[in-house]
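As a plain string of letters, each chain reads:
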Amino acid sequence: MKSFETKSVQTAAMKERSIQPAVMPIYQTSAFAFSSLEEMEGYYEGNGTYLYSRTANPNTDALGQTVAGLEGAPCGVSASSGTAAILAGILAVVGSGDHVLAAEDVYGGTFHLLKEELVRLGITVHFADFSKIGEIEQVLIDFPEVKLLFSESITNPFLRVEDIAVLDGLKKHYGAKLMIDNTFATPYSIQPYTLGADMVAHSATKYLGGHSDVTAGVLVGSKELIRIAENRIVSLGMNLSPFEAWLAVRGIKTLALRMKTQTENAAAIADFLKGKAEVWYPGLGAIVTFALPEGMDIYRFFSSLGWIKIVPTLAGVETSVSYPYGTSHRALSEEEKEKVGVTKQVVRLSAGIEGAEDIIAQLGAAFAN
Ligand SMILES: *Cc1c(COP(=O)(O)O)cnc(C)c1O
């Protein structure tokens, strides 16, 4: 008879082989056991897959591979956040002394990462207006140290659709790599890897997860680059937890259904807003940005939105609005905000999966108030 102490540690472990779950379970374990020393040594010789969850875990692998499949890329790796995935992608290509060239209108958090953090690592970052090819090319001519071009497939908050084929031509000509953040478009709308991007980053916190209940990131690309990025993620501790990976994979199962409805709703909302506000909607994706007319009270508008949630994020199944001036672009100086056009009147709406008529009725009530 074992002691109380022993019994409490040796809990009822069921033989894994006898259980066949209908969906992939959560491998909520920090490490994996081996049946012999030979087997453990075999891992280091490349004969086994799992050792320690920071280095690899079935759930985080499933997320990377699923997104790679959707993006048409050979390999993928997950990271603890979209920011971590972007950092891993950058560090897979550049190091101290190298330069990065980024679009000036990237997501606020990414802008901060590029502008404030990379400099500590000895990396120089240039920003350019990516809607002007001449401006991009001038930086590439002036700074041959540029090893990486970075932009977003659909930018935030004004939803400029990046011409990835043009960037592909430029990066090839100047011997750099191209990374595209595809968070806003998702592979449902745009697949940057198939258009020439070397790496595609995602904040799975947004549409891939889709339910505003997970913080996660994914990076996909060539086998060679993803292997290096994966090493950075492992060594710098930017790995994703099994549970978050599992939630993101679960979310992706309904990505197509959600994107279809959310995109249709966004188009209907953009139509409704025309004439009431200045509207930005590129005809794809599920975000609609608009600027209230001068003189209309933005605080009053937000307070009149009823069930439409005010959140500093996007992409959930529920319609929500955010305020770029005070949240995503808050860290930017007044001058930087003005340069990218984020005024106090700008609202970013993320269309949910509710009935379009209900969303429009609620927005109508806010305009009428
Ligand atoms: C949210 C977001 C990020 C950052 O993702 P986190 O998961 O919050 O780190 C990066 N890029 C875009 C376009 C985003 O919307």
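Numbering of residues starts from 1 in each chain and follows the order in which that chain's sequence is written. This being a predicted model, a pLDDT of at least 70 is required before a residue's local features are given, and a value of 80 or more before pairs of side-chain atoms are given or counted; all residues contribute to the totals for chains, interfaces and linings. Each side-chain value is worked out from all heavy atoms of the structure, with water and hydrogens disregarded.

Going by an unreviewed UniProt entry, the chain carries the name Trans-sulfuration enzyme family protein and comes from Planococcus chinensis. UniProt positions are given in the numbering used here, feature names are shortened, and annotations may be inferred rather than shown by experiment. What UniProt states about the chain under its Cofactor (unreviewed entry) heading is, verbatim, "pyridoxal 5'-phosphate". Taken verbatim from the UniProt record of the chain, the Sequence similarities (unreviewed entry) comment is "Belongs to the trans-sulfuration enzymes family."

Section: helix 3 (residues 58-71)
Because each turn of an α-helix spans 3.6 residues, side chains separated by three or four positions end up pointing in the same direction. In this description a helix means any DSSP run of H or I spanning at least four residues, a strand means any run of E spanning at least two, and both kinds are numbered starting from the N terminus. Multiplying 1.5 Å by the residue count of a helix minus one yields the expected span of that helix. The end-to-end C-alpha distance of helix 3, which contains 14 residues, comes to 20 Å, matching closely the 20 Å that a straight helix rising 1.5 Å per residue would cover. The buried label goes to any residue with under 20% of its type's maximum accessible area, the exposed label to any with over 50%, and the partly exposed label to all in between, with areas taken from a 1.4 Å probe on protein chains only. Listing the buried residues of helix 3 in full gives Pro58, Asn59, Thr60, Ala62, Leu63, Gly64, Val67, Ala68 and Glu71. For this analysis, residues touch if any pair of their heavy atoms sits within 4.5 Å. Here the buried face of helix 3 lies against strand 1 (75-79), helix 8 (186-189), strand 6 (199-203), strand 7 (217-221) and helix 10 (242-252). Sitting at the amino-terminal end of helix 3 is Asn57, which places a side-chain oxygen 2.8 Å from the backbone nitrogen of Asn59. Phi turns positive, to about 70°, at Gly72, one or two residues after helix 3. We define a polar contact as two N or O atoms separated by no more than 3.5 Å, with the added condition that, inside protein, one atom must be a possible hydrogen donor and the other a possible acceptor, whereas residues neighbouring each other in sequence contribute only through side-chain atom pairs.

Remarks on the side chain of Ser53
Turning to its location among the elements, Ser53 is positioned in the loop between helix 2 (37-44) and helix 3. The exposure class of Ser53 is buried, given its relative accessible area of 10%. At a separation of 3.0 Å, a polar atom in the side chain of Ser53 contacts the side chain of Asn57. With sequence-adjacent residues up to four places away left out, Ser53 is seen in contact with Thr29, Ser30, Ala31, Phe32 and Asn239.

So, the domain arrangement of the chain
Assigned domains within the chain: domain 1 (21-93 + 198-253) and domain 2 (256-368). All domain edges in this entry derive from an automatic or database-based domain assignment. Placing the centre of domain 1 and that of domain 2 at their C-alpha centroids yields a distance of 32 Å. Counting residues at the interface gives 9 residues for domain 1 and 11 residues for domain 2. Criterion for a salt bridge: a side-chain nitrogen of Lys or Arg within 4 Å of a carboxyl oxygen of Asp or Glu. Remark: the boundary between domain 1 and domain 2 carries 0 salt bridges. Where domain 1 packs against domain 2, one counts 4 residue pairs in polar contact (both at pLDDT 80 or more). Residues are grouped as follows: nonpolar covers Ala, Val, Leu, Ile, Met, Phe, Trp, Tyr, Cys and Pro; charged covers Asp, Glu, Lys and Arg; every other residue, Gly included, is treated as polar. Looking at the side of domain 1 that touches domain 2, its residues break down into 3 nonpolar, 5 polar and 1 charged.

Examining the pairing of strand 5 (residues 177-181)
Buried residues dominate strand 5, accounting for 4 of its 5 residues. Handedness of the crossover joining strand 4 (residues 146-152) and strand 5 through helix 7 (residues 164-173) is recorded here as right-handed. By the bridge criterion, 3 bridges tie strand 5 to strand 6 in an arrangement that is parallel. Within strand 6, the residue paired with Asp181 across the bridge is Ala201. Note on handedness: a clockwise path from strand one over the helix to strand two, with the strands aimed away from the viewer, defines a right-handed crossover. A pair of strands is labelled paired if DSSP reports no fewer than 2 bridges between them.

Some details on a nonpolar patch on the surface
Like-charged residues are merged into a patch within 9 Å and nonpolar side chains (Val, Leu, Ile, Met, Phe, Trp, Tyr) within 5 Å, provided each residue has over 30% relative accessible area and no salt bridge. Per-residue and other accessible areas follow the Shrake-Rupley method at a 1.4 Å probe size, with only the shown protein chains counted as cover for residues. On the surface, Leu37, Met40 and Tyr44 cluster together into a nonpolar patch covering about 350 Å² of accessible area. Tracing the chain through its elements places Tyr44 in helix 2.

Digging into the site of the ligand
Close contacts around the ligand come from 13 residues, with Thr83, Asp181, Ser203, Thr205 and Lys206 the closest. Note that an oxygen atom of the ligand is positioned 2.7 Å from one of the side-chain N or O atoms of Thr205. Within the side chain of Lys206, a nitrogen or oxygen atom sits 2.7 Å from an oxygen atom of the ligand. Within the complex, the protein chains bury 92% of what would otherwise be the 380 Å² of accessible surface of the ligand. Sorting elements by how many residues they give to the shell around the ligand places helix 4 (residues 82-93) first, with 3 residues. For this description, a residue counts as near a given molecule or strand if any of its non-hydrogen atoms is within 4 Å of it.

What to know about unusual backbone geometry
For the bond running from Asn156 to Pro157, omega is 0°, close enough to zero to count as cis. Phi at Leu159 is positive, roughly 60°, even though this residue is not glycine. Along the chain, Leu159 turns up in the loop between strand 4 and helix 7. Under the relative-accessibility criterion, Leu159 is labelled buried at 5%. Phi angles above zero are rare outside glycine, and Thr186 is one such case at about 65°. Its place among the elements puts Thr186 in helix 8.

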